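A closer look at the structure
One-letter residues, chain by chain:
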Amino acid sequence: INYRSSPEILRLANVSINKNQNKFEKNLLSIKLAGQLPVIATLTDNYQQAEFIVQKILEFHNQAGIPLNEIAILFRSHFLSLEIEMELNKYQLPYQMRGGLKFFEQAHLKDIIAFLRILLNHQDKVAWLRLLKMQSGIGEITAKDLWLQIQTTSSLKEIITKNFKLNIKTASSWENLKSILLKLIEIKQEDLASLIKIIMENGYQEYLQSHYDNYLERLEDLNQLIIFISSYKNLEKFLSDITLAENFKGESSELSNNQESIILSTIHQAKGLE
């Protein structure tokens with residue numbers, strides 16, 4: 001017996017469940033009165049899905065006059081919000097992510113993006129300090145000292161080949177970071193998916209597992225990022241879009257109470273919030 005959904009939604013769910021080859025036999029029943037028929041949209045991929053969703057929202061809001069705060073988008077896992085968030089940013093539609101951060105606000109995404117920012121701009125102070133402090137034996141003070149030396153260089157290649165003043169403990173971690181950056185430089189810039197794979201295969205996956213309890217969820221996010229970034233042929237364009245997404249106002253808890261915004265949520269976070 002299901003207490004949340006209408007009979008029409010549960011009939012659709014029952015048909016879907018019956019298609020499973022390995023299933024727990026069940027028949028969902030509703031206590032609610034009849035409601036609207038759900039609509040199924042057949043779409044080719046996540047990008048077309050995001051476009052479809054946003055176009056429907058614009059139709060509901062602009063033509064039918066439905067307030068944005070009466071519209072919600074639910075998904076199974078957080079990583080499924082990526083294309084939708086980017087499409088909402090494109091149309092400057094305000095939204096709130098319930099029970100979590102927007103996709104590119106998450107720490108593990110910022111870590112990966114920091115590598116990519118340095119490839120594009122070897123003088124990106126924020127990215128350097130983030131990566132340096134991720135390394136074993138490099139704290140706040142050492143990271144700042146290293147940055148002062150990095151500042152004097154003219155290219156990423158010079159940074160990798162130059163001998164900086166380091167103690168023995170710091171030197172080992174610095175050599176490890178340089179080896180990753182060297183591998184990234186050797187990859188063609190248009191092969192963006194390979195850049196992330198190199199970062200993952202050279203220590204970041206282990207870092208992820210040792211630093212986060214929800215390691216598998218974060219790994220799933222990064223696998224989705226690899227798929228997403230594959231649609232780009234240019235690193236500068238990708239980072240430009242990410243910057244726009246980060247700077248777009250109106251997608252977090254900073255929204256004022258009276259400002260309309262679309263709700264984004266995992267199905268799990270939505271329980272009890274009908």
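Residues numbered from 1 in each chain as written. Predicted model: local features only at pLDDT ≥ 70, side-chain atom pairs only at ≥ 80, totals over all residues. Heavy atoms only, no water.

Quick word on the packing of helix H9 (residues 192-211) against helix H10 (residues 215-229)
Rule in force here: Angular values range over 0 to 180 degrees, each being the angle between N-to-C directions of two axes fitted as lines to C-alpha atoms, with helices fitted over their stretch in contact. A run of H or I in DSSP counts as a helix once it spans at least four residues, and a run of E counts as a strand once it spans at least two, with each numbered from the N terminus. An angle below 35 degrees is treated as roughly parallel, one above 145 as roughly antiparallel, one from 65 to 115 as roughly perpendicular, and anything else as oblique. Throughout, a residue-residue contact means that at least one pair of heavy atoms, one from each residue, lies within 4.5 Å. In the scheme used here, Gly and all other residues not listed as nonpolar or charged are polar, with Ala, Val, Leu, Ile, Met, Phe, Trp, Tyr, Cys and Pro taken as nonpolar and Asp, Glu, Lys and Arg as charged.
At their nearest, the axes of H9 and H10 sit 10 Å apart, and the two run at 170 degrees to each other. When the axes of H9 and H10 are compared, the pair comes out roughly antiparallel. In this structure, H9 contributes Leu192, Ala193, Ile196, Lys197, Met200, Tyr204, Gln205, Leu208 and Gln209 to the contact, and H10 contributes Tyr215, Arg218, Leu219, Leu222, Leu225, Ile226 and Ile229. Within the contact of H9 with H10, the residues separate by chemical class into 12 nonpolar, 2 polar and 2 charged.

Details of helix H8 (residues 168-186)
Note the following rule: By this rule, a helix spans an expected 1.5 Å times one less than how many residues it contains. Relative accessibility under 20% of the residue-type maximum defines a buried residue, over 50% an exposed one, and the middle range a partly exposed one, all with a 1.4 Å probe and only protein chains included. Here, the arc refers to the directions that run from the helix axis to the C-beta atoms.
Under the 1.5 Å per step criterion, the end-to-end length of H8 is 27 Å for 19 residues, consistent within 8% with the ideal 27 Å. All of the buried residues in H8 are Thr170, Ser173, Trp174, Leu177, Lys178, Ile180, Leu181 and Leu184. Taken around the axis of H8, the buried residues stretch over an arc of 160 degrees, which confines them to a single face. Counted as exposed and oriented over 90 degrees from the buried face of H8: Ile168, Ser172 and Glu186. Buried positions along H8 lie against helix H4 (107-120), helix H5 (125-134), helix H6 (140-150), helix H7 (156-161) and H9.

A word on the packing of H4 against H8
Quick reminder of the rule: In this scheme the crossing of two helices becomes right-handed for a clockwise turn of the near helix relative to the far one and left-handed for an anticlockwise turn of less than a right angle.
Interhelical geometry of H4 versus H8 gives an angle of 65 degrees and a closest axis separation of 11 Å. Like other packed secondary-structure pairs, H4 and H8 cross with a definite hand, here right-handed. Between H4 and H8, the contacting residues are Phe115, Ile118 and Leu119 on the first element and Leu177, Ile180, Leu181, Leu184 and Ile185 on the second.

Describing the pairing of strand S3 (residues 262-266)
Convention followed: Here, a strand pair is defined by DSSP locating no fewer than two bridges between the strands.
Among the 5 residues that make up S3, 5 are buried, leaving the element largely enclosed by the rest of the structure. Residue alternation in S3 divides its side chains into two sets, Ile262, Leu264 and Thr266 and Ile263 and Ser265, and both sets are buried. As judged from the 4 bridges shared by strand S1 (residues 72-75) and S3, these two strands associate in the parallel manner. Bridge pairing links Phe75 to Thr266 in S3.

Considerations on the pattern of salt bridges
The cut-off we apply is this: Whenever a carboxyl oxygen of Asp or Glu lies within 4 Å of a side-chain nitrogen of Lys or Arg, that contact is scored as a salt bridge.
Inspection of the entire model under this criterion finds 8 salt bridges. Lys23 serves as the salt-bridge partner of Glu25, at 3.9 Å between the closest nitrogen and oxygen. The partly exposed category is assigned to Lys23, whose relative accessible area is 32%. Its salt-bridge partner being Glu59, residue Lys56 comes within 3.4 Å of it at the nearest N-O pair. One end of the pair is Lys56 and the other is Glu59, both in helix H2 (residues 46-63) and 3 residues apart, which spans about a single turn. Among the ionic contacts, a cluster of salt bridges with common partners joins Lys133, Glu140 and Lys144.

As for the sheet that holds S3
Taken in spatial order, the 3 strands line up as S1-S3-S2 in an open sheet, and their pairing is parallel. Two strands in the sheet have a free side with no partner beyond their single neighbour: S1 and strand S2 (95-97). Shown here is a sheet whose adjacent strand axes are inclined to one another by a mean of 20 degrees, direction ignored. Strand direction decides the pairing type here: S2 and S3, joined by 3 bridges, are parallel. Note that in S3 the partner of Gln96 across the bridge is Ile263.

Digging into the confidence of the model for the protein chain
As a reminder, the rule being used: Note on scores: pLDDT gives the predictor's confidence for each residue, bounded by 0 and 100.
Chain-level pLDDT for the protein chain is 88 on average; 95% of the residues reach the 70-or-more range. Model confidence for the protein chain, summarised as mean pLDDT per element, is weakest for helix H11 (residues 235-247) at 83 and strongest for H2 at 95. With pLDDT under 50 throughout, residues 250-256 is counted as low confidence; its partners more than four residues away or in other chains account for 16 contacts.

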